[in-house]
Structure formats: structure tokens, C-alpha cells
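# Inside the fold
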Amino acid sequence: MASVDEHIEAGKERFLSELLDLLRIPSVSADPKYKADVARCAEAVGQRMREAGLDNVEVCPTAGHPIVYGEKLVDPAKPTVLVYGHYDVQPPDPLELWDSPPFDPVVKDGLIYARGSADDKGQFYMHVKAVEAMVRTGNLPCNVKMMIEGEEEVGSTNLGAFVRANRQRLAADVVLISDTAMIANDVPSINTGLRGLSYLEVEVTGPDRDLHSGVYGGAVANPVNVLCRLIASLHDADGRIAIPGFYAAVRELSTAERAALAEAPFDEAAYMKDLGVKALAGEKGYTAPERASIRPTLDVNGIWGGYIGEGAKTVLPSKASAKISMRLVPDQKSDAITQLFVDHFKKIAPPYVSVKVMPHHGGEAAVTPTDSAAYRAASKAMGETFGRKPIPTRGGGSIPIVALFEKVLGLKTILFGFGLDSDNIHSPNEHYGVFNYMAGIRTIPKFFRHYAELCK
Ligand code: BES
Ligand code: MN
Ligand code: MN
């Protein structure tokens, strides 16, 4: 029988073409017009899990998009790893900025271009192929359970209920998730924290209809002007968020913790060049990597109102809106921060407009331990693949389910991501390296082996 590594080497081309097939399914969870495609993707994922050798594979319906579950239980005495991932993807817009169609994957210069290639189809599918390699070669040293959901990009609305209803089925020793990034292909790292999220929409209404901006302008408040002023007031001159109580629960890092995080290499000039910005901005007293990971933020994600068509139309709009996200850190609570925002925004609204604040989804921040058997196993596995010990880093994105796994199942997570920040996730031309894909598939079985060893 072949070894795990031999099976992976021999399967390389097939693993890639299978991933490309998955990437052709436009499983956009946010847009109802893709509902059938999301369902088709769930079925495809279930089928691939069966083919990989997982048992009891089930495509579980929810009030939203399905959750795909499968397991391979080898021995109750062995530790159990719960793999989580998501098969849904972000909307591909703006389409005109893609160099090739988002759901027509192409491999160019070693990179797989498609929506979902890095986030998260290319990453969760590494686990399916790693399990295949371990099962087919008789080398699965742990029990494995796999849960791949279809609503991560829209806030995992129905996952909480599923986890609560399936506590027994999901019982495990650790959660393994590949849905984050490393520092670089020659600088492996493991995320040990994620930010939480509070997402809401605001609407400012002035006059009950659009008005002529000459006839009424000056006498009636313009909701777009007012919204801009309100939003501008949400940060102070030091880049801090000016909502009373916003920082009350923030867990400050010790000097030693900050020094440890500063060990990760960071090239500010290269960072600015890559993003096309001439200078960086943010909260006073913190470095750029800190501002983007251990500090909370408030950002407008979209803003609209009034005339945005061709040419000029002189109009004083009736309404203005914005979508606002706040990234949170331990121990800020998403619901509490949402409430603070709602109260504050209503309070600062001037009497000549009315405001509505509509909360969307949220989620809690998470930190994962570096002193566990699972972390040591992950670190050892990555070290072997990359020839260098991974650096623990804090990530800036959010995977709200991580906090939920801890709360409901009592499980810690290993964020075993193989992407790069430069993969353009959520952006045009999202891509994932074939190198990263294969490195993940090779490293996951090493994690299983070391974890089983360390749990003995
Ligand atoms: N995989 C990302 C989260 C991520 C990316 C974490 C990079 C760390 C590094 C995930 O799919 C995602 O996009 N999450 C959303 C949150 C969700 C509630 C919509 C996010 O972070 O915006
Ligand atoms: Mn993701
Ligand atoms: Mn995402």
C-alpha cells in the first residue's frame, strides 16, 4: 500500500481538477438568485466527502442553506478532530474588475483564480483530500468529523441552532479550521485570534421626497450631508472610536504580548506599495499590524443616497444610508456594542432628520491557546512542511463560529490556514496558490499523526 505522501503526490492533478469543478458552482450565499447553486454545491461537497471515504454523510437542510456533515470514526479510544469549513462564497461583484470570469477557474502562474478559491473552497477541500489520503492508505490516526456549512459569509445564521441540536454528533477533542492566512509562503504562521463583528445599517431621512436642490437647498437639511457628518463624528482625532463605552471591555495586551506579536516580520513600505496607498492611518499608539488585529475598528462598508447616475442632477435627496461594520476584540460583546452604537447614533441625530439603525449579524472575537497538544501538533506539522516553525499571529478577520464552538461544545480551535493576505479574498481576482493547496493537503495528515501521538 502507498504511503500518505505517495497517495498525495500521485493524486496531485486530480485534486486540482476536482477543486476547479467545485469552483465552477456559484455558491453565493448572500444572493437569493443563487439558492439552487448553493444547494447543488452542498450536494457536490457531500458526494466528494463520500468518495473520500467519510461515512454517514448527510446534506442537512436548515432554515437557510444546507450544512454538510460526514465522519470517519476509527476507534473511540483515539482523539476526535472536528473539521469545519464553508462552501459558500462572497458575491463576485464588481465583475468588470476580474481578469477572468469568477466561476470559470483558470490556473495561471501557479495560482488558481476563482471566487472561493482561497475562501474557503480551496482550503476546506484540502481536508477532504487529506482524509482521502489517510483513509485510502490505512493511515487515519484520529476519528474525524467534518462539518462544511453554506452560510459563513452571511453570518452563519443557522449554524448555532445546528450545533446546539447536534452536540453529541459533533463531540470532539479539537476543532480544525483552514480559513485564514499565513504571513508568507516562506514564513508560516498560525492565527491565534480572530476579531468579532457587529454589522449594521443606518438610514437617515429628511424631507418626505427628493427636492429641487436650488428651490429648497439651504433651508432643508440634506440627509447625505447629515449622514457624512454623523459618520465623521464616530472617530476622534486620535483615530479612536468616539462611542461612549466602546472601549470599556477591550482586553489590553501586555507589553510582553505586544512584543511577542511584533516578532512577526512586517514591511511597512511593501505593505503600502501593495495596497497603492501613500501613507497609513489608524489609532494612535499602535502599529499597522496591531490596528488590524488586536484593536477594534469602525468602518463604513457602503454608503449611498441621492443621484449617482450619469452627469448631474440637482437634487436634495430624501434619504441616505450606510452599512457599517465594527470589528471587535476580546472581551467586547457583539450585542452590547451593537446596542451602544444604536443608542449613540440615535442620540447624536439632529432634530431635522430621523434615523433608523438596523442591526445585521454579529459574532464574538476568539483567542486560541498556544500551549495545547493540538497547537504543538499543528506547529510541528507546519514546521515539517515549510522547514520553519510557524509564528503565532493574531488575525483581523472574523469566524464567529469559533467562539460558538467553545461556548456550546467546549472546544478550542486550531486556525490551520494556508492562504495569504494577498489572495484577494472578497475582492476581484481572488486566487489561491497551487503550492498552498498542496502544502495544506500534505500538512493536515502530519497534524493528525502528531496530534494522535501527543494525546497518548
Ligand atoms: N475566512 C474569512 C475570515 C478570515 C479571513 C479570517 C482572513 C482571518 C483572515 C471568512 O470567510 C470571512 O470572510 N468572515 C467574515 C465574517 C462573516 C460574519 C461575514 C468577515 O471576516 O468579514
Ligand atoms: Mn472564510
Ligand atoms: Mn469570507
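Keep in mind the model is a prediction, meaning the values are calculated, not measured. Counting of residues starts from 1 at the beginning of each chain's written sequence and follows it residue by residue. By the order in which they are written, chains take letters starting at A while ligands take numbers starting at 1. The predicted origin of the model limits local features to residues at a pLDDT of at least 70 and limits the giving and counting of side-chain atom pairs to 80 or more, whereas totals for whole chains, interfaces and linings rest on all residues. Processing note: side-chain calculations cover all non-hydrogen atoms of the structure and skip hydrogens and water entirely.

### Examining the overall build of the protein chain
When its secondary structure is counted, the protein chain shows 12 helices and 21 strands. If you line up the protein chain on its principal axes, its C-alpha atoms span 85 × 50 × 45 Å. Exposed residues in this analysis have more than 50% of their type's maximum accessible area, buried residues have under 20%, and partly exposed residues fall in between, with area computed by a 1.4 Å probe over protein chains only. Each of the 456 residues in the protein chain was classed as buried or not, and the buried ones make up 54%. Here, two residues are considered to be in contact whenever any of their heavy atoms come within 4.5 Å of each other. Here the analysis covers contacts within the protein chain between residues at least 6 apart in sequence; of these, 80% occur between residues at least 24 apart. When the accessible surface of the protein chain is split by element, carbon and sulfur atoms take 53% of a total near 20200 Å². Counting rule applied: Lys, Arg positive; Asp, Glu negative; His and chain ends not counted. For this purpose, a charge sits on NZ of Lys, CZ of Arg, CG of Asp or CD of Glu. Within the protein chain, the 57 negative side-chain charges are centred at a point lying 3 Å from the centre of the 49 positive side-chain charges. Secondary structure follows DSSP: runs of H or I at least 4 residues long count as helices, runs of E at least 2 residues long count as strands, and numbering of each begins at the N terminus. Only the protein chains shown count as covering a residue, and every accessible area follows the Shrake-Rupley method with a 1.4 Å probe.

### A word on unusual backbone geometry
The omega torsion of the bond from D93 to P94 falls at -5°, within 30 degrees of zero and hence cis. You can see P94 is positioned in the loop between β3 (80-86) and β4 (106-108). P330 connects to D331 through a cis peptide bond whose omega is 0°. Relative to the helices and strands, D331 is located in the loop between β15 (319-328) and α9 (334-348). Of note, the phi angle at S156 is positive, near 50°, even though the residue is not glycine. Using a relative accessible area of 9% as the deciding quantity, one classes S156 as buried. Unusually for a residue other than glycine, N429 sits at a positive phi of about 60°. Tracing the sequence through the fold places N429 in the loop between β20 (419-420) and β21 (431-433). Under the relative-accessibility criterion, N429 is labelled buried at 13%.

### Some remarks on the coordination of the manganese ion (ligand 2)
At the metal site, the manganese ion (ligand 2) is ligated by H86 (NE2), D119 (OD), D179 (OD) and D179 (OD), and these contacts range over 2.0 to 2.4 Å. We call an atom a donor if it is N, O or S and sits within 2.8 Å of the metal, or 3.2 Å for Na, K and Ca. Water is not counted, so some sites may look partial. Only two sets of limits are used to name each site, 85 to 135 degrees for every angle of a tetrahedral four-donor site, and over 155 degrees for opposite donors with all other angles from 65 to 115 for a square planar four-donor or octahedral six-donor site, with any other site named irregular. Around the manganese ion (ligand 2) sit six donor atoms; with metal-centred angles ranging over 57 to 167°, the donor geometry is irregular. In primary-sequence terms, the residues that donate to the manganese ion (ligand 2) follow H-x32-D-x59-D. In this structure the manganese ion (ligand 3) is found 3.6 Å away from the manganese ion (ligand 2), and D119 serves as a bridging donor for the pair. One end of the pair, H86, is in strand β3; the other, D179, is in the loop between β7 (174-177) and β8 (181-182), with 93 residues separating them in the sequence. There is no split in this pair, since H86 and D179 are both buried.

### Remarks on the domain arrangement of the protein chain
Segmentation of the protein chain into domains returns domain 1 (4-194 + 365-454) and domain 2 (196-250 + 296-363). Between domain 1 and domain 2, the C-alpha centre-to-centre distance is 35 Å. Domain 1 puts 10 residues into the contact, and the matching count from domain 2 is nine residues. Considering only the side of domain 1, the residues that lose the most area to domain 2 are A365, S398 and P400, jointly responsible for 59% of the buried surface there. Think of a salt bridge as a Lys or Arg side-chain nitrogen and an Asp or Glu carboxyl oxygen that are within 4 Å of each other. Viewed at the interface, domain 2 and domain 1 are joined by zero salt bridges. Polar contacts here mean pairs of N or O atoms no more than 3.5 Å apart (in protein, one a potential hydrogen donor and the other a potential acceptor; neighbouring residues in sequence count only if both atoms are side-chain atoms). At the surface where domain 1 touches domain 2, the tally comes to two residue pairs in polar contact (both at pLDDT 80 or more). Domain start and end points were adopted from an automatic or database domain assignment. Buried area is a sum: the accessible area each of two parts loses on coming together, probed at 1.4 Å, counted once for each and added.

### Some points on the pairing of β15
Two faces, one strand: in a regular strand the side chains alternate between the faces of the sheet. Burial of β15 is extensive: seven of the 10 residues sit out of reach of the surface. Between any two strands, pairing holds if DSSP finds at least two bridges. As paired strands, strand β11 (residues 196-205) and β15 are joined by 10 bridges and run antiparallel to one another. Paired with T205 across the strands is K319, a residue of β15. One ladder, built from seven bridges, connects strand β13 (residues 297-304) with β15; its direction is antiparallel. Counterpart to D299 in the pairing with β15 is S325.

### Description of the environment of S372
Take S372: it is sitting in the loop between β17 (366-367) and α10 (373-386). A sequence separation of 42 residues divides S372 from I414, and the C-alpha atoms of the two residues are 9.8 Å apart. Of the polar contacts made by the side chain of S372, one reaches the backbone nitrogen of Y375; its length is 3.0 Å.

### Thoughts on the site of ligand 1
Close to ligand 1 lie 17 residues; E152, D179, R327, S398 and H426 are nearest. H86 is positioned with one of its side-chain polar atoms (N or O) 3.2 Å from an oxygen atom of ligand 1. Shared between two domains, the shell around ligand 1 holds at least three residues of each, these being domain 1 (4-194 + 365-454) and domain 2 (196-250 + 296-363). Residues are classed as near a molecule or strand on a simple rule: at least one heavy atom within 4 Å of it.

### Topic: the coordination of the manganese ion (ligand 3)
Around the manganese ion (ligand 3), the protein contributes the donor atoms D119 (OD), E153 (OE), E153 (OE) and H426 (NE2), at 2.1 to 2.5 Å from the metal centre. In this structure, the manganese ion (ligand 3) is surrounded by six donor atoms whose angles at the metal cover 56 to 154°, and the resulting shape is irregular. All donors of the manganese ion (ligand 3) come from a single chain, and their spacing in sequence reads D-x33-E-x272-H.

### Examining the pattern of salt bridges
Applying the stated criterion to the full structure yields 24 salt bridges. Residue E252 pairs with R295 through a salt bridge whose shortest N-O separation is 3.1 Å. Of this pair, E252 sits in the loop between α5 (223-232) and α6 (255-261) while R295 is found in the loop between α8 (288-291) and β13, placing the two residues 43 residues apart along the sequence. Linked by salt bridges that have partners in common, R14, E18, K129, E132 and R136 make up one network.

### Points about the nonpolar core
In terms of nonpolar packing, the biggest core is built from 69 residues, with F416, F447 and F448 touching the most fellow members. For this core, the element with the most residues is helix α12 (residues 434-455), which contributes 10 residues. When residues no more than four places from it in sequence are discounted, the contact partners of F447 are V81, V174, L176, A374, A377, A378, A381 and F416. Nonpolar core, defined: a set of buried Ala, Val, Leu, Ile, Met, Phe, Trp, Tyr and Cys residues in which side-chain atoms within 4.5 Å join the residues together.

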